[in-house]
Amino acid sequence: NAGVTQTPKFQVLKTGQSMTLQCAQDMNHNSMYWYRQDPGMGLRLIYYSASEGTTDKGEVPNGYNVSRLNKREFSLRLESAAPSQTSVYFCASRGTRDTQYFGPGTRLTVL
Amino acid sequence: GQQLNQSPQSMFIQEGEDVSMNCTSSSIFNTWLWYKQDPGEGPVLLIALYKAGELTSNGRLTAQFGITRKDSFLNISASIPSDVGIYFCAGTNAGGTSYGKLTFGQGTILTVHP
């Protein structure tokens, strides 16, 4: 039981490049979330998926797209990376009573 | 939208000291969660609170759900070096259209000197 896994762990992109961050959970949770973490700002919600087949915007969705591939997998895509998207990205899934379980994160630098 | 104000932003303490931090919200929550993040890792759930006035412990950690439902507190007793990390509070309102979305505080960075 690995919990929430994320790939890659580190990534460096040039401005304008695209990439997809992968996330998978093996806890049979319905809801999944993508956050970004910037110094002094806590975690901010980018997109979420309340259940398989649905996605919706969070607090900071601009510049991102998501896909809920199946119940286990929820990916985050940057179509044209910008330096402002340099951040640490966390995926989470929702367990019982609104608790969320986080992956180890992807550290992204956009030059 | 809702905002959480977490304080203090950072703390530098000696091993063995007790620690207190708190979170205040501009609006009511019906669930408060406390997380710890070790360097280079994702946040890990420490304590969950579901009722106003509730006091819950997890080893040396104790958290309280404020009576007004707009605040929460975390205490760490007899700190040890492995308590180092960032502590986050998070709030949500279960049910309806919340879909479990959490609002996070900015975090408290804890440094423990041996």
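Source: prediction; values computed, not measured.

1. Re the state of the cysteines
Residues and elements named next belong to chain A.
Thought 1: Counted by the stated rule, this structure contains two disulfides over all chains.
Thought 2: Shown here is the disulfide that connects Cys 23 with Cys 91, its sulfur atoms set 1.9 Å apart. Its S-S torsion of approximately -70° makes the covalent link between Cys 23 and Cys 91 left-handed. Note that Cys 23 is positioned in strand β3 (residues 19-25) and Cys 91 in strand β9 (residues 87-94), a separation of 68 residues in sequence.

2. Section: the pattern of salt bridges
Thought 1: By the definition in use, this model includes six salt bridges over all chains.
Thought 2: Here Asp 38 of chain B and Lys 36 of chain B are joined by a salt bridge, their closest N and O atoms 3.0 Å apart.
Thought 3: Lys 36 of chain B gets classed as buried once you look at its relative accessible area, which sits at 13%.
Thought 4: Residues participating in the shared-partner salt-bridge network are Arg 36, Asp 38 and Arg 44 of chain A.

3. Re the environment of Gln 106 of chain B
Thought 1: Position of Gln 106 of chain B relative to the elements: it lies in the loop between β10 (103-104) and β11 (108-113).
Thought 2: On a C-alpha basis, the gap between Gln 106 of chain B and Gln 9 of chain B in space is 7.6 Å, while along the polypeptide they are 97 residues apart.
Thought 3: Other than its neighbours up to four places away in sequence, Gln 106 of chain B contacts Gly 40, Met 41 and Gly 42 of chain A together with Leu 4, Asn 5, Gln 6 and Phe 88 of chain B.
Thought 4: Separated by 3.0 Å, the side chain of Gln 106 of chain B and the backbone nitrogen of Gln 6 of chain B make a polar contact.

4. Overview of the sheet that holds strand β7 (residues 64-68) of chain A
All names here are of chain A.
Thought 1: The strand order β1-β3-β8-β7 describes an open sheet built from four strands, whose pairing is antiparallel. A single partner strand is all that each edge strand has here, and the edge strands are β1 (4-7) and β7. Each adjacent strand pair in this sheet contributes to an overall mean axis angle of 20°, direction not counted.
Thought 2: Examined bridge by bridge, β1 and β3 share four bridges and lie antiparallel to one another. Note that in β3 the partner of Gln 6 across the bridge is Cys 23.

5. Remarks on the sheet that holds strand β6 (residues 55-58) of chain B
Residues and elements named next belong to chain B.
Thought 1: Spatially, β1-β3-β8-β7-β6 is the arrangement adopted by the five strands of the open sheet, whose pairing is antiparallel. Across the chains shown, the open sheet's two edge strands, defined by having one partner strand only, are β1 (4-7) and β6. Pairs of neighbouring strands in the sheet enclose a mean axial angle of 15°, with direction left out of account.
Thought 2: By the bridge criterion, six bridges tie strand β3 (residues 19-25) to strand β8 (residues 71-76) in an arrangement that is antiparallel. Paired with Met 21 across the bridge in β8 is Leu 74.

6. Comments concerning the pairing of β6 of chain B
Residue and element names in this part refer to chain B.
Thought 1: Examined bridge by bridge, β6 and strand β7 (residues 61-65) share four bridges and lie antiparallel to one another. Its bridge partner lying in β7, Asn 58 is registered against Leu 61.
Thought 2: The turn linking β6 back onto β7 is made up of two residues, and Gly 59 within it adopts a positive phi angle of 65°.

7. What to know about the pairing of β7 of chain B
All names here are of chain B.
Thought 1: In β7, alternate side chains face the same way, and those of Leu 61, Ala 63 and Phe 65 are buried while those of Thr 62 and Gln 64 on the opposite face are not.
Thought 2: Looking at chain direction, β7 and β8 are connected through five bridges and run antiparallel. Of the residues in β8, the one forming a bridge with Leu 61 is Ile 76.
Thought 3: Taking the residues that link successive antiparallel strands as the turn, the β7-β8 hairpin has five residues, and the phi of Arg 69 there is positive, at about 70°.

8. A word on the interface of chain B and chain A
Thought 1: At the junction of the two partners, chain B supplies 21 residues and chain A supplies 22 residues.
Thought 2: At the surface where chain B touches chain A, the tally comes to six residue pairs in polar contact (both at pLDDT 80 or more).
Thought 3: Element by element, the count of residues in the side of chain B that touches chain A is highest for strand β4 (residues 31-37) of chain B, at four residues.
Thought 4: Partitioned by chemical class, the residues of the side of chain B that touches chain A number eleven nonpolar, eight polar and two charged.

9. Some details on the layout of surface pockets
Thought 1: By volume, the second largest pocket is sized at about 370 Å³.
Thought 2: Taken together, 23 residues make up the lining of the second largest pocket; nearest its centre are Gln 37, Pro 39 and Gly 40 of chain A together with Ile 86 and Ile 109 of chain B.
Thought 3: Elements with a minimum of two residues in the lining of the second largest pocket: β9 of chain A together with β9 (85-92) of chain B.

Criteria and cut-off values
- Residues numbered from 1 in each chain as written.
- Chains lettered and ligands numbered in written order.
- Predicted model: local features only at pLDDT ≥ 70, side-chain atom pairs only at ≥ 80, totals over all residues.
- Heavy atoms only, no water.
- Disulfide = S-S within 2.5 Å.
- Helix = DSSP H or I, 4+ residues; strand = E, 2+ residues; numbered from the N terminus.
- Salt bridge = Lys/Arg side-chain N within 4 Å of Asp/Glu carboxyl O.
- Buried < 20%, exposed > 50% of the residue type's maximum accessible area, 1.4 Å probe, protein only.
- Contact = heavy atoms within 4.5 Å.
- Polar contact = N/O pair within 3.5 Å; in protein donor to acceptor, adjacent residues only side chain to side chain.
- Pairing = 2+ DSSP bridges.
- Axes fitted to C-alpha atoms, helices over the stretch in contact; angles between N-to-C directions.
- Nonpolar A, V, L, I, M, F, W, Y, C, P; charged D, E, K, R; others polar.
- 1 Å grid on protein atoms, 1.4 Å probe; cavity = no way out; pocket = protein on both sides within 12 Å on 5 of 7 lines; lining within 4 Å.
- Points joined across faces, edges and corners; volume = space filled by probe spheres on them.

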